[in-house]
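One-letter residues, chain by chain:
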Amino acid sequence: SQQGEEDPQALSIQEGENATMNCSYKTSINNLQWYRQNSGRGLVHLILIRSNEREKHSGRLRVTLDTSKKSSSLLITASRAADTASYFCATDAGTGANNLFFGTGTRLTVIP
Amino acid sequence: SQTIHQWPATLVQPVGSPLSLECTVEGTSNPNLYWYRQAAGRGLQLLFYSVGIGQISSEVPQNLSASRPQDRQFILSSKKLLLSDSGFYLCAWTRGNKGDTQYFGPGTRLTVL
């Protein structure tokens, strides 16, 4: 079954505000990744957080991981219109060779 | 640097027609390769993955098949398309270690009429 489930499904904010997206998963993981997808394009890797890490930063992105709650959050600070995209979490607990399970995504709209 | 290509970018096909989508990777060797399908506004469904030439694993029973004739070439095929095959098809590769980052191609938008 699919590992990641994002929440909310859709989020609309004003430019300059912060955006927080959450991801929950079901089984133990080695790492969790976040990806971004612009409409009609492929996914782009944003950040990877390992199971022994609690927080990681990359530019305006901050990811937290709580393995006891099997959840992660992605925070985008000072959002820009160009951040408008769908955001997916992915976990590595899949079967087979290096498979990832992707969540259903959060559609973020940043209003200029 | 590594790059991944998919073609065609868009495709409109009648029901019952054959399908061939191609994915190639440059700048790496012996990658793991993946085909995903994404319905409109939805997440990714893993269709096939391959750890080497001629080695294909299928995740879901379906109307599609995959082949890997060369190390960096992954092909998605169908003999007869169904309406339900419409979607956005994404190819991806990894270096092969568990939990590695996946690198995605630009995708192919398939519409079956």
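In what follows, the accompanying structure is described. None of these values were measured; they are calculated from a predicted model. (Residues numbered from 1 in each chain as written. Chains lettered and ligands numbered in written order. Predicted model: local features only at pLDDT ≥ 70, side-chain atom pairs only at ≥ 80, totals over all residues. Heavy atoms only, no water.)

Scanning chain B from terminus to terminus reveals 0 helices and 11 strands. What you see in chain B, going N to C, is helices and strands ordered as β-β-β-β-β-β-β-β-β-β-β. The C-alpha atoms of chain B give a radius of gyration of 13 Å, which matches the 13 Å a tight globule of 113 residues would have. A principal-axis box enclosing the C-alpha atoms of chain B has dimensions of 40 × 30 × 20 Å. Per-residue burial over chain B gives 49% buried out of 113 residues. Put simply, of all contacts in chain B between residues at least 6 apart along the chain, 54% involve residues at least 24 apart. About 5300 Å² of surface is accessible on chain B, with carbon and sulfur atoms providing 52% of the total. Averaged over its 9 positive side-chain charges, chain B has a centre that lies 6 Å from the centre of its 6 negative ones. (Helix = DSSP H or I, 4+ residues; strand = E, 2+ residues; numbered from the N terminus. Rg over C-alpha atoms; globule rule 2.2 N^0.38 Å. Buried < 20%, exposed > 50% of the residue type's maximum accessible area, 1.4 Å probe, protein only. Contact = heavy atoms within 4.5 Å. Areas by Shrake-Rupley, 256 points an atom, 1.4 Å probe, with all protein chains shown as cover. Lys, Arg positive; Asp, Glu negative; His and termini not counted. Charge placed at Lys NZ, Arg CZ, Asp CG, Glu CD.)

Once that is clear, we can look at the sheet that holds strand S7 (residues 61-66) of chain A. Residue and element names in this part refer to chain A. One open sheet holds the 5 strands; their spatial order is S1-S3-S8-S7-S6, and the pairing between them is antiparallel. Unpaired on one side and paired on the other, strand S1 (5-7) and strand S6 (55-58) mark the two borders of the sheet. Adjacent strand axes in the sheet meet at a mean angle of 20 degrees, parallel and antiparallel pairs treated alike. Across 3 bridges, the pairing between S1 and strand S3 (residues 19-24) is antiparallel. Pairing of Glu-6 across the sheet is with Cys-23, part of S3. (Pairing = 2+ DSSP bridges. Axes fitted to C-alpha atoms, helices over the stretch in contact; angles between N-to-C directions.)

The subject of this paragraph is the packing of aromatic side chains. Evaluated as defined, the whole model comprises 9 aromatic pairs over all chains. Judged by centre distance (5.9 Å) and plane angle (80 degrees), the ring pair of A:Tyr35 and B:Phe104 falls under edge-to-face. Of the two residues, A:Tyr35 is situated in strand S4 (residues 31-37) and B:Phe104 in strand S10 (residues 103-104); the pairing between them involves two chains. Feature note: the residues A:Tyr35, A:Phe102, B:Tyr34, B:Tyr36, B:Tyr49 and B:Phe104 constitute an aromatic cluster, connected by ring pairs. (Phe/Tyr/Trp six-rings, centres within 6.5 Å; stacked < 30°, edge-to-face > 60°.)

Going through the model one piece at a time under the given rule, you end up with 2 disulfides over all chains. Between the sulfur atoms of A:Cys23 and its disulfide partner A:Cys89 the distance amounts to 2.0 Å. Judged by the torsion about the S-S bond (70 degrees), the A:Cys23/A:Cys89 disulfide is right-handed. On the criterion of sequence distance, the pair formed by A:Cys23 in strand S3 and A:Cys89 in strand S9 (residues 85-91) is long-range, its members being 66 residues apart. For A:Cys23, a relative accessible area of 1% puts it in the buried group. Paired through a disulfide, B:Cys23 and B:Cys91 show a sulfur-sulfur distance of 2.0 Å. Negative torsions about the S-S bond denote left-handed disulfides, and the value of about -75 degrees found for B:Cys23 with B:Cys91 makes this one left-handed. (Disulfide = S-S within 2.5 Å.)

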